[in-house]
Amino acid sequence: MPRDDSANDAASAGAGRALVGDAAEGVLERALGVLQCFSDDEPALSAAAIAERTGLATSTLHRLLTRLTALGLLARAPGHRYTIGVRLWELGELSPLSVRLRETALPVMQRLYEATAENVHLAVLDAPTPERATALYVGRVTGQSSIPTLSRMGGRHPLHTTGVGKALLATRGEDWLTDYFSTPLERETTHSITTEAVLRAELEVARRRGYATTREEMTLGNISVAAALGSVAGLPPAAIGMVVRLERADERRLAGLVTQAAADLTRILRDSDPTE
């Protein structure tokens, strides 16, 4: 009888596609590992530094760096170093966090700044899991008279030591919080709250009054007041807040401004929802 090789051919083709898929996934993971080497503290890195952080072989890393640079995801910098490329920034700006949330929020944030001349922050909950959750800063308005802060757009800070972070925590359910508190809370200053019972009590107060506060818990000398936005389809939980010098903080006034800003921004985002 003649052989029917169609099944074998199909199986071989499927295996080939699987191998290609596995190889492609490996390349993507390695590329992401390279990109994640860069940070606030080290925005430019040498190939040797990247190799040390990733553990990639020199030949593999050289090919990867060459390709990422050709695609614009990395750029060459003085001193035989690399930086994040313009193309990666361009792609990031297409995220709903930029196109929809931040761009919509900027006029609201600007009004807050004009009313107070203080730092205004917009953050979202970045939570692959509750244990790894952080506040990711997606918008910031500041000026010369504003107190210096550690935040920047694209940066992240702990939830339990920031006003926007506490406001976001106050929106979470009991199961989520149980998982969150399974990881020890790190102390950023001597005023940071690292005890579950104390922080839970603060979150309950934040839910009742509609805004959260911190006092010198992330940076000495300041107070933050923040309020969570209502849920908006297609966007992660978000919060807007202000950071001001402790000695000139009027919490009641700031709370009124921030909660109104959160309500206004929620309404505008919902009204502009392209799915409705």
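Residues numbered from 1 in each chain as written. Predicted model: local features only at pLDDT ≥ 70, side-chain atom pairs only at ≥ 80, totals over all residues. Heavy atoms only, no water.

**Concerning the packing of helix α5 (residues 96-116) against helix α9 (residues 251-271)**
The description of two packed helices rests on the angle between their axes and on the distance between the axes. For the record, the criterion: Axis lines are fitted to C-alpha atoms, over the contacting stretch for helices. Their N-to-C directions set the angle, which ranges from 0 to 180 degrees. Only DSSP runs of H or I covering at least 4 residues are called helices, and only runs of E covering at least 2 are called strands; the numbering of each starts at the N terminus. Oblique is the label for any angle not under 35 degrees, not over 145, and not in the 65 to 115 range, which are roughly parallel, roughly antiparallel and roughly perpendicular in turn. For any pair of crossing helices, the crossing counts as left-handed if the nearer helix is rotated counterclockwise from the farther one by less than a right angle, and right-handed if it is rotated clockwise. Contact definition: two residues touch when any of their heavy atoms are within 4.5 Å.
Viewed as axis vectors pointing N to C, α5 and α9 meet at an angle of 155°, and their least axial separation amounts to 10 Å. The angle between the axes of α5 and α9 places the two elements in the roughly antiparallel class. At the point where α5 passes α9, the crossing takes the right-handed sense. Seen from α5, the contacting residues are R100, L101, T104, A105, V108, L112, A115 and T116; seen from α9, they are R253, L254, L257, V258, A261, L265, I268 and L269.

**Focus on the pairing of strand β4 (residues 119-126)**
In plain terms, the rule: Burial classes: relative accessible area under 20% of the type maximum marks a residue as buried, over 50% as exposed, and values in between as partly exposed (1.4 Å probe, protein chains only). DSSP-based pairing: two strands are paired if at least 2 bridges between them are found.
β4 sits mainly inside the fold: seven of its eight residues count as buried. Inspection of the sheet shows β4 paired to strand β5 (residues 134-141) by seven bridges, in the antiparallel sense. In the strand pairing of β5, L122 is matched with G139.

**Comments concerning the pattern of salt bridges**
For side chains of opposite charge, pairing can occur when their charged atoms come near one another. Condition: Here, a salt bridge means any side-chain nitrogen of Lys or Arg that lies within 4 Å of a carboxyl oxygen of Asp or Glu.
Applying the stated criterion to the full structure yields 14 salt bridges. Where E118 meets R248, a salt bridge forms, and the shortest distance between an N and an O atom there is 2.6 Å. Taken as a pair, E118 in the loop between α5 and β4 and R248 in the loop between β9 (238-245) and α9 lie far apart in primary sequence, 130 residues in all. For E118, a relative accessible area of 6% corresponds to the buried category. Take R248: its relative accessible area is 41%, and that puts it in the partly exposed class. Taking the shortest distance from any N to any O, the salt bridge between E174 and R200 comes out at 3.1 Å. Separated by 26 residues along the polypeptide, E174 in helix α7 (residues 174-180) and R200 in helix α8 (residues 196-209) bring together distant segments of the chain. By relative accessible area, which is 47% here, E174 ends up partly exposed. Residues participating in the shared-partner salt-bridge network are E93, R102 and E103.

**With respect to a nonpolar patch on the surface**
Going by this rule: Patches in this entry comprise residues that are over 30% relatively accessible and not in a salt bridge; like charges within 9 Å are linked, as are nonpolar side chains (Val, Leu, Ile, Met, Phe, Trp, Tyr) within 5 Å. Throughout, the Shrake-Rupley method with a 1.4 Å probe supplies accessible areas, and for residues the shown protein chains are the sole cover considered.
Nonpolar side chains collect at one region of the surface, where L91, L94 and V99 lie side by side and expose about 280 Å² of accessible area between them. With respect to the secondary-structure elements, L91 resides in helix α4 (residues 86-92).

**Quick notes on the layout of surface pockets**
Threshold: Cavities and pockets are found on a 1 Å grid laid over the protein atoms alone: a cavity is a set of points where a 1.4 Å probe fits but cannot escape, a pocket is an open set with protein on both sides within 12 Å along at least five of seven lines, and a lining residue has an atom within 4 Å of such a point. Grid points are joined across faces, edges and corners, and a volume is the space filled by probe spheres set on the points. Three classes are used, and their members are as follows: Ala, Val, Leu, Ile, Met, Phe, Trp, Tyr, Cys and Pro are nonpolar, Asp, Glu, Lys and Arg are charged, and the others, Gly among them, are polar.
Roughly 190 Å³ of volume is contained in the second largest pocket. Forming the walls of the second largest pocket are 13 residues, and the residues nearest its centre are A133, P158, H160, P184 and E186. Class assignment of the residues belonging to the lining of the second largest pocket gives a composition of six nonpolar, three polar and four charged.

**Some details on the confidence of the model for the protein**
Keep in mind that low pLDDT regions are not for reading the predicted coordinates in detail. We apply this condition: Scored from 0 to 100, pLDDT records how confident the predictor is in each individual residue.
On average, residues of the protein carry a pLDDT of 87, and 86% of them reach 70 or more. Segment residues 1-24: pLDDT under 50, and zero contacts once partners within four positions in sequence are set aside and those in other chains are kept.

**What about the side chain of E217?**
The line we're drawing: By the criterion applied in these results, polar contacts are pairs of N or O atoms within 3.5 Å in which, for protein atoms, one can donate a hydrogen and the other can accept it, and in which residues neighboring in sequence qualify only through two side-chain atoms.
Mapped onto the elements, E217 comes out in the loop between β7 (212-215) and β8 (222-228). Among the residues examined, E217 registers a relative accessible area of 5% and is labelled buried. A distance of 2.8 Å separates the side chain of E217 from the side chain of K166, its partner in a polar contact. At 3.0 Å, the side chain of E217 and the backbone nitrogen of R215 are in polar contact. Sequence-distant contacts of E217, defined by excluding residues within four places in its chain, comprise H160, T161, K166, E188, T189, H191, S192 and I193.

**Considerations on α8**
Note the threshold: Multiplying one less than the number of residues by 1.5 Å gives the expected span of a helix. Arc definition: directions from the helix axis to the C-beta atoms.
In a regular helix each residue adds 1.5 Å, so 14 residues correspond to 20 Å; α8 covers 20 Å between its end C-alpha atoms and thus fits that length. Those residues of α8 lying buried are L199, L203 and A206. The buried residues of α8 occupy an angular sector of 55° when the element is viewed end-on, so they sit on one face. Away from its buried face, by an angle of more than 90 degrees, α8 presents the exposed residues A197 and R208.

**Digging into the sheet that holds strand β1 (residues 44-46)**
Pairing is antiparallel across the open sheet formed by three strands, whose spatial order is β1-β3-β2. For this open sheet the edge positions go to β1 and β2 (74-77), each flanked by a neighbour on one side alone. Strand-to-strand twist across the sheet, computed as the mean angle between neighbouring axes with direction ignored, equals 40°. In the packing of helix α2 (residues 47-54) onto the sheet, contacts are made with β1 and β3 (81-84), and the angle to β1 comes to roughly 85°. Running at roughly 100° to β2, helix α3 (residues 58-70) makes contact with β2 and β3 of the sheet.

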